[in-house]
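Structural description and commentary
Here's the letter readout for the chains.
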Amino acid sequence: MASLSMRENFLRCITGGVPEFVPRNAMGPDPYGTLPPQVAGMGSSHVERRTSPEGNRIDIWGVEYVATEDTGGMALPKPGAFLLDDIRKWRDIVKAPDLSDIDWDALAKKDLDNLTYDRTAVAITGSGSGGYFMPHMNLMGFTNGLMSYYEEPDEVKALYEYWHEYYSSVNKEFMERYPIDIYTVGDDYATALNPFISPEMYREFIKPFVMEDTKIARERGMPIMMHNCGRCEDTVEDWMDFGCNAWNPAQVVNDLEGIKAKHGNKMVLVGCWDSSGPVGWDTCTEELMRSEVKRVIDTFGKGGGFIFWGSTYGPPDHEPLVNRRKWMTTEYEARRFDPYK
């Protein structure tokens, strides 16, 4: 039996302590489990949601996204609809939302009044940066986007500075009014094999801006969680330079056991789950799913420094997917205390 609440246990783990049980990073309630949410996201709706005539989401920079059931609702830029083909013209295309007439106090009150969960019992994350690499690629496509680093490095940095100023303006208002426990940073700059850019390019183009974005969290002593998919272990220590405590989804294409051995609880691994492997296939059996949940918890849970985040994707009502999710959740709940007995 745990003496800590879900929130307390999650925060103990993410700040480097040894939790009473393995936390789980499932965002919101799980229909297949018995536990309340352990962590939830909170974002300000200061920008009016825009959609295309087809009903697709359009982000604040004007990029249209298409989601599919097979990806669990995750979206990618609409094929062939990139907005920018020459980085030198970004000022004509990229326009930050006007923040001058926003009543931040009223907005925060509305958002907090509409919460559907007890914020004293759930660890709350808030996004502090919309990223740099992925918004850049989403605007231009990978061919033009990657070439722009070489052809017009100063223009890339000018665009990133513009984004940084916008993120900073929103963060200042947001962090003063919302009960955020964990500051999140996200930027997917890696494939399953290697990063799209070298560590040296990351340090030149992206890291300086993230260092500034995260300053507001460091000043508050707030844990910072990095989201980056793919094989990006080359820059883990760079994240630690800006105070990063945790990394999701910490995919298995990285040397996760080596990272845990080297950094211990200073870099909490969120995930360690092979979502593209056999446990993500329709042929997955109950025995396979349960054994993999047990293996991951046993391997990474000892001593803390690990948060479970299993994932499996497909059409939401597809029976094999429903079964995989049920087996995963029930086995996690049965095994969450095992490393600390």
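Described below are features of the structure shown in this document. (Residues numbered from 1 in each chain as written. Predicted model: local features only at pLDDT ≥ 70, side-chain atom pairs only at ≥ 80, totals over all residues. Heavy atoms only, no water.)

1. What to know about the overall build of the protein chain
How we decide: Starting at the N terminus, helices and strands are each numbered in turn, a helix being any DSSP run of H or I of at least four residues and a strand any DSSP run of E of at least two. Based on C-alpha atoms, the radius of gyration is set beside the globule rule, defined as 2.2 Å times the residue count to the power 0.38. Only protein chains enter the area calculation, which uses a 1.4 Å probe; residues under 20% of their type maximum are buried, those over 50% are exposed, and those in between are partly exposed. Here a residue-residue contact requires only that any non-hydrogen atoms of the pair lie within 4.5 Å. Methods summary: accessible areas were calculated by the Shrake-Rupley approach with a probe of 1.4 Å, and residue burial reflects only the protein chains presented. When charges are counted, Lys and Arg are positive and Asp and Glu negative, with His and the chain ends excluded. To locate a charge, take atom NZ for lysine, CZ for arginine, CG for aspartate or CD for glutamate.
For the protein chain, the count of helices and strands is 12 helices and 11 strands. The C-alpha radius of gyration computed for the protein chain amounts to 20 Å, which stays within 12% of the reference 20 Å derived for 341 residues, consistent with globular compactness. Evaluated residue by residue, the protein chain yields a buried proportion of 48% over its 341 residues. A sequence separation of at least 24 residues applies to 68% of the contacts in the protein chain between residues at least 6 apart. With an accessible surface of roughly 16,100 Å², the protein chain has 51% of that area assigned to carbon and sulfur atoms. Separation of charge centres in the protein chain, based on 36 positive and 53 negative side chains, amounts to 4 Å.

2. Some thoughts on the nonpolar core
Applied cut-off: Only buried residues count toward a nonpolar core, which is a set of Ala, Val, Leu, Ile, Met, Phe, Trp, Tyr and Cys residues joined through side-chain atoms within 4.5 Å.
Counting 76 residues, the largest nonpolar core has Y149, Y160, I206, W239 and W247 as its most contacted members. Element by element, the count of residues in this core is highest for helix α6 (residues 153-177), at nine residues. The contacts of Y160, once residues within four sequence positions are left out, are Y132, F133, H136, Y149, F205, I206 and F209. F10, L11, A246 and V270 belong to the second largest nonpolar core, which has 12 residues in total.

3. Side note on helix α11 (residues 286-300)
Heads up, the rule is: Residue count minus one, scaled by 1.5 Å, sets the expected span of a helix. The directions considered for the arc are those from the helix axis to the C-beta atoms.
Taking 1.5 Å of rise per residue, 15 residues should cover 21 Å, and α11 covers 22 Å from first to last C-alpha, within 8% of that figure. Turning to α11, its buried residues number three or more, namely M289, E292, V293, V296, I297 and F300. In an axial view of α11, the angular spread of the buried residues amounts to 125°, which keeps them on one side of the axis.

4. Regarding the pairing of strand β9 (residues 244-248)
Applicable threshold: The rule for pairing is simple: two strands pair if DSSP sees at least two bridges between them. Orient the strands so they point away from the viewer, and a crossover whose first-strand-to-second-strand path over the helix runs clockwise is right-handed.
By the criterion of burial, β9 is predominantly enclosed, with five of the five residues buried. In this sheet, β9 lies alongside strand β8 (residues 224-227) in parallel orientation, the contact comprising four bridges. Bridged to H227 within β9 is N248. Where the polypeptide runs from β8 across helix α9 (residues 236-241) and back to β9, its parallel neighbour, the crossover connection is right-handed.

5. Some details on the side chain of T312
To keep things clear, this is the line we draw: Nitrogen and oxygen atoms within 3.5 Å of one another constitute a polar contact, given that in protein one can donate a hydrogen and the other can accept it, and given that sequence-neighbouring residues count only through two side-chain atoms.
Structurally, T312 is set in the loop between β11 (306-308) and α12 (319-335). Here the side chain of T312 touches R324 through a polar contact of 2.7 Å, side chain to side chain.

6. Points about the pattern of salt bridges
Put simply, the test is: By salt bridge we mean one thing: a side-chain nitrogen of Lys or Arg within 4 Å of a carboxyl oxygen of Asp or Glu.
Tallied over the entire structure, the rule returns 24 salt bridges. For the salt bridge of K78 with E64, the shortest nitrogen-to-oxygen distance reads 3.9 Å. You can see K78 sitting in the loop between β5 (75-77) and α2 (90-93) and its partner E64 sitting in the loop between β3 (57-58) and β4 (65-67), a full 14 residues away along the chain. Among the ionic pairs, E204 bridges to K157, the shortest N-O distance being 2.9 Å. With E204 in helix α7 (residues 199-213) and K157 in helix α6, the pair connects residues that are 47 residues apart, well separated along the chain. Judged by its relative accessible area of 27%, K157 falls in the partly exposed class.

7. Quick word on the packing of α11 against α12
Rule in force here: Working convention: axes come from line fits to C-alpha atoms, limited for helices to the stretch in contact. Angles between N-to-C directions cover 0 to 180 degrees. Oblique is the label for any angle not under 35 degrees, not over 145, and not in the 65 to 115 range, which are roughly parallel, roughly antiparallel and roughly perpendicular in turn. Handedness of each helix crossing follows the sense of rotation of the near helix against the far helix: counterclockwise by less than a right angle gives left-handed, clockwise gives right-handed.
Following both chains from N to C, one finds α11 and α12 inclined at 40°, their axes separated by 9 Å at the closest point. Accordingly, the angle class assigned to the pair α11 and α12 is oblique. As for the relative orientation of α11 and α12, their crossing is right-handed in sense. In this structure, α11 uses E286, M289, R290, V293, K294 and I297 to contact α12, whose residues at the interface are R324, W327, M328, T330, E331, Y332 and R335.

8. Quick notes on unusual backbone geometry
In this model, N248 is joined to P249 through a cis peptide bond whose omega is 0°. Mapped onto the elements, P249 comes out in the loop between β9 and α10 (256-263). Phi at A250 takes a positive value of approximately 45°, unusual for a residue other than glycine. In this structure, A250 sits in the loop between β9 and α10. Notably, C272 is not glycine yet its phi reads approximately 60°, a positive angle. With respect to the helices, strands and loops of the structure, C272 is situated in the loop between β10 (268-271) and α11.

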